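Here's the letter readout for the chains.
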Amino acid sequence: MTDGFHVLVDALKLNGINTIYGVAGIPITDLLRLAQAEGIRYIGFRHEQNAGNAAAIAGFLTQKPGLCMTVSGPGFLNGLVALANATTNCFPMILMSGSSDRAIIDLQQGDYEELDQLAAARPFAKAAYRINRPQDIGIGLARAIHAAVSGRPGGVYLDITAETLGAVLDTDTAAKSLFRPVDPAPRQMPESIAVRRASELLRGAQRPLILLGKGAAYAQCDAEIRALVENTGIPFLPMSMAKGLLPDNHQLSAAAARSYVLGNADVVMLVGARLNWLLSHGKQPLWSESTQYIQLDIDPHEIDSNRPIAAPLVGDIRSSVEALLQELPRGSVHVSPTWIQAIAERKAKNMEKMAQRLSANPSPMNFSSALGAVRKVVSDWPDAYVVNEGANALDFTRNIVDMSLPRHRLDSGTWGIMGIGMGYAIAAAVETGKPVVAIEGDSAFGFSGMEVETICRYQLPVAIVILNNSGIYRGDTGDGPPSPTGFVRDARYDKMMEAFGGRGYHATTPQELEEALAQAMKSGRPTLINAVIDPTAGTESGHIQALNPKSALQK
Ligand code: ADP
Ligand code: MG
């Protein structure tokens, strides 16, 4: 005989799910012990949201669903935030939570951590299932994997009852119930008529632009995307998590001329990018009314979501880009030389301005001067992963710190949220074995800061840089009680890292910051650098101040 615990661990192993991110407790503790004993890597966190974020970004990096396991009730709810974020960002993950006794839950008789988890998860997940019998574990996991990675990837909730884990069944039935799904993320070929329509539009364009999103990064067809850009000679603009798909210093990068190209392109090809708030919904004044769009996306529902799309190309990005490469041999697209020239001029001007800001040396540091130091060290470690969150810390880093490899920048993403930092940093280190630099606003860091213990426990090569301006957006400077956005002044986040045996630095100048970060990277040890930023540096809400509601009375 065997039991649900063993069957589930066998099912995970059979499906190549070799890492579990989670927090132990009733009813999954023995399950985690068994998984670890059976060779599955278990990374235990201090809060389920961070474990869930780790699983989600593992999914983005590997194209396999990242797995997060939590306890029932509130532990599940903590993980649910990460599941919702994964779904929003199109990252494949599975949140598997143990749940209490169904008979008691369904009559609301008040069980330990009682919650109808399946119902709670549904609105936030791409799909949600419950496994009620040990013989259904194989099918349940297969359904979760298919749902997570097929089509537009997303977060899947898998409820596993305590009863199922403990239930016994004979080994023969168990063995027969397990299998590995065939081709769970099948290619989806675009229609040839759609490919021709898109190609024709590009061939007729004067001022074309390729806009790369994180869907393009996820697709892992980096060489094909690069060939498409270089063969056609079309300037490209990366969304933040598509940075590095082609290196930021590539000649055809229009990143330093962003608003100019968005406002003036006549044909824009969206490759795995959505026309959501991050792109001003494709609306004026950022965009021109006459821009025509080509959109490569796997999800047909995405087309026309904000503006009419002249040439939708529905399919997986690899297949669509390969098809376009066939239709568009070198020399078939005639990019206007004046367009290239105008972009080059803007780029040169903006880069000159940026260089001035980076080399200024105000005391205390501001975001630019601090990031000027960080930028240098990151460029010495091109294979390091950069995790980035905050408001000003996000806006400035995105523009200042260049990326040269695909999928190496992991950030606040589609929701523009705080709290992903340590979860993403831990998973990036665990999944890739490469060093990680987490560039964090002091407020952003607070949402997952307790995970420095996790980083120290597993001795991960994570260097955290806190751009510490003592507050949300900026710090308080006057006397009086703390404002809604102010934190403790002169806080020493570096001591948090030291509390768990990691290395802490306190940096007040760009030079100190650069030396500390270079040292951290060389050591490969858990490090936290508290970079002191002027509390008056930073703007309310960063670049998205306009999203704050204004009373009609003030207008
Ligand atoms: P960004 O924020 O970088 O603009 P989004 O997350 O908004 O990126 O958009 C990513 C898009 O990519 C989504 O619409 C998603 O459906 C699509 N997508 C994700 N993976 C693939 C894939 N393999 N092939 C095609 N489209 C994909
Ligand atoms: Mg701050």
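Per an unreviewed UniProt entry, the chain goes by the name Oxalyl-CoA decarboxylase and belongs to Sulfobacillus acidophilus. Looking at the Sequence similarities (unreviewed entry) heading of the UniProt record, one finds this comment for the chain: "Belongs to the TPP enzyme family." We quote the UniProt Cofactor (unreviewed entry) comment for the chain here in full: "thiamine diphosphate".

Trainee: Outline the environment of G215, supporting the account with residue identities and numerical values.
Mentor: In this structure, G215 sits in helix α11 (residues 214-218). The spacing of G215 and G433 is 218 residues in sequence and 23 Å in space, taken between C-alpha atoms. Those residues within four positions of G215 in sequence are excluded, and the remaining contacts are G272 and I317.

Trainee: Outline the UniProt feature "domain: Thiamine pyrophosphate enzyme central" (unreviewed entry) in the chain, listing residues and values.
Mentor: Mapped onto the present numbering, the UniProt feature "domain: Thiamine pyrophosphate enzyme central" (unreviewed entry) falls at residues 195-324. The span residues 195-324 is 31% helical and 18% strand by assignment, and the distance between its end C-alpha atoms comes to 6 Å.

Trainee: Tell me about the domain arrangement of the chain, and name the residues and values.
Mentor: Assigned domains within the chain: domain 1 (2-177), domain 2 (192-344) and domain 3 (360-543). The gap between the C-alpha centroids of domain 1 and domain 3 is 31 Å. Counting from both sides, the interface comprises 24 residues of domain 1 and, opposite them, 25 residues of domain 3. For the pair domain 1 and domain 3, the summed buried area comes to about 2,000 Å², and 61% of that belongs to carbon and sulfur atoms. Here domain 1 is connected to domain 3 by one salt bridge. Joining domain 1 to domain 3, the criterion identifies twelve residue pairs in polar contact (both at pLDDT 80 or more). Those elements giving two or more residues to the side of domain 1 that touches domain 3 turn out to be β2 (19-22), β3 (41-44), α3 (48-62) and α4 (74-89). In terms of residues, the side of domain 1 that touches domain 3 owes the most to one element, α3, which gives nine residues. A breakdown of the residues in the side of domain 1 that touches domain 3 according to their chemical character gives twelve nonpolar, ten polar and two charged.

Trainee: A description of the nonpolar core should follow, citing residues and the corresponding values.
Mentor: Ranked by size, the top nonpolar core spans 56 residues in total, and within it L211 and L212 carry the most contacts. Ranked by size, the runner-up nonpolar core spans 54 residues in total, among them I57, L83, L95 and Y385.

Trainee: I'd love a proper account of the site of ligand 1, names of residues and values included.
Mentor: Residues in close proximity to ligand 1 total 20 residues, the closest being R152, K214, R274, D297 and I317. Here G272 contributes a backbone N or O atom positioned 3.3 Å from an oxygen atom of ligand 1. Across the complex, the protein chains shield 96% of the 570 Å² of accessible surface that ligand 1 would expose by itself. In terms of residue count, α11 provides more of the shell around ligand 1 than any other element does, three residues in total. Residue classes in the shell around ligand 1 are distributed as eight nonpolar, six polar and six charged. Mapped onto the domain boundaries, the shell around ligand 1 takes at least three residues apiece from domain 1 (2-177) and domain 2 (192-344).

Trainee: Can you break down the sheet that holds strand β9 (residues 208-212) residue by residue, with the values?
Mentor: In spatial order, the strands read β10-β9-β11-β12-β13; together these five strands make up an open sheet with parallel pairing. Strand pairing shows two members of the sheet lacking a second neighbour, β10 (236-238) and β13 (311-314), which therefore form its edges. Direction aside, the axes of adjacent strands within the sheet are offset by 15 degrees on average. The sheet contact formed by β9 and strand β11 (residues 267-271) spans five bridges and is parallel. When the sheet's bridge partners are listed, L212 is paired in β11 with V271. Strands in contact with helix α12 (residues 222-232) are β9, β10 and β11; relative to β9, the strand with the most contacts, it is inclined by about 165 degrees.

Trainee: Account for the UniProt feature "domain: Thiamine pyrophosphate enzyme TPP-binding" (unreviewed entry) in the chain, with residues named and values stated.
Mentor: This chain's UniProt record puts "domain: Thiamine pyrophosphate enzyme TPP-binding" (unreviewed entry) on residues 400-530. As annotated, residues 400-530 comprises 34% helix and 19% strand, and the C-alpha atoms at either end are separated by 19 Å.

Trainee: Please set out the sheet that holds strand β4 (residues 66-70) residue by residue, giving values where relevant.
Mentor: Strand order across the open sheet formed by six strands is β3-β2-β4-β5-β7-β6, with parallel pairing between neighbours. Strand pairing shows two members of the sheet lacking a second neighbour, β3 and β6 (127-131), which therefore form its edges. Ignoring which end each strand starts from, the neighbouring axes of this sheet average 25 degrees apart. Relative to strand β5 (residues 93-99), β4 runs parallel, the two sharing five bridges. Paired with G66 across the bridge in β5 is M93. Strands β4, β5 and β7 (155-161) of the sheet are contacted by α4, whose axis makes an angle of about 165 degrees with β5.

Trainee: I'd love a proper account of the coordination of the magnesium ion (ligand 2), names of residues and values included.
Mentor: Taken together, the protein donors to the magnesium ion (ligand 2) comprise D442 (OD), N469 (OD1) and G471 (O), at separations of 2.0 to 2.2 Å. The sequence pattern formed by the donor residues of the magnesium ion (ligand 2) is D-x26-N-x1-G. Of this pair, D442 sits in helix α19 (residues 442-446) while N469 sits in the loop between β17 (462-468) and α21 (494-499), and the two are 27 residues apart along the sequence. Judged on exposure class, the residue D442 and its partner N469 are both buried.

Trainee: Describe in detail α12, supporting the description with residues and values.
Mentor: Note that an α-helix has 3.6 residues per turn; residues three or four places apart therefore point the same way. Turning to α12, its buried residues number three or more, namely E224, I225, L228, V229 and T232. Buried residues in α12, looked at end-on, bunch into an arc of 135 degrees, giving them a common side. Considering only its buried residues, α12 is in contact with β9, α11, β10, β11 and α14 (317-327).

Rules used throughout
- Residues numbered from 1 in each chain as written.
- Chains lettered and ligands numbered in written order.
- Predicted model: local features only at pLDDT ≥ 70, side-chain atom pairs only at ≥ 80, totals over all residues.
- Heavy atoms only, no water.
- UniProt positions renumbered as here; feature names shortened; annotations may be inferred.
- Helix = DSSP H or I, 4+ residues; strand = E, 2+ residues; numbered from the N terminus.
- Contact = heavy atoms within 4.5 Å.
- Domains from an automatic or database assignment.
- Buried area = accessible area lost by both parts, 1.4 Å probe.
- Salt bridge = Lys/Arg side-chain N within 4 Å of Asp/Glu carboxyl O.
- Polar contact = N/O pair within 3.5 Å; in protein donor to acceptor, adjacent residues only side chain to side chain.
- Nonpolar A, V, L, I, M, F, W, Y, C, P; charged D, E, K, R; others polar.
- Core = buried A, V, L, I, M, F, W, Y, C linked by side-chain atoms within 4.5 Å.
- Buried < 20%, exposed > 50% of the residue type's maximum accessible area, 1.4 Å probe, protein only.
- Near = heavy atom within 4 Å.
- Areas by Shrake-Rupley, 256 points an atom, 1.4 Å probe, with all protein chains shown as cover.
- Pairing = 2+ DSSP bridges.
- Axes fitted to C-alpha atoms, helices over the stretch in contact; angles between N-to-C directions.
- Donors = N, O, S within 2.8 Å, 3.2 Å for Na, K, Ca; no water.
- Arc of directions from axis to C-beta.

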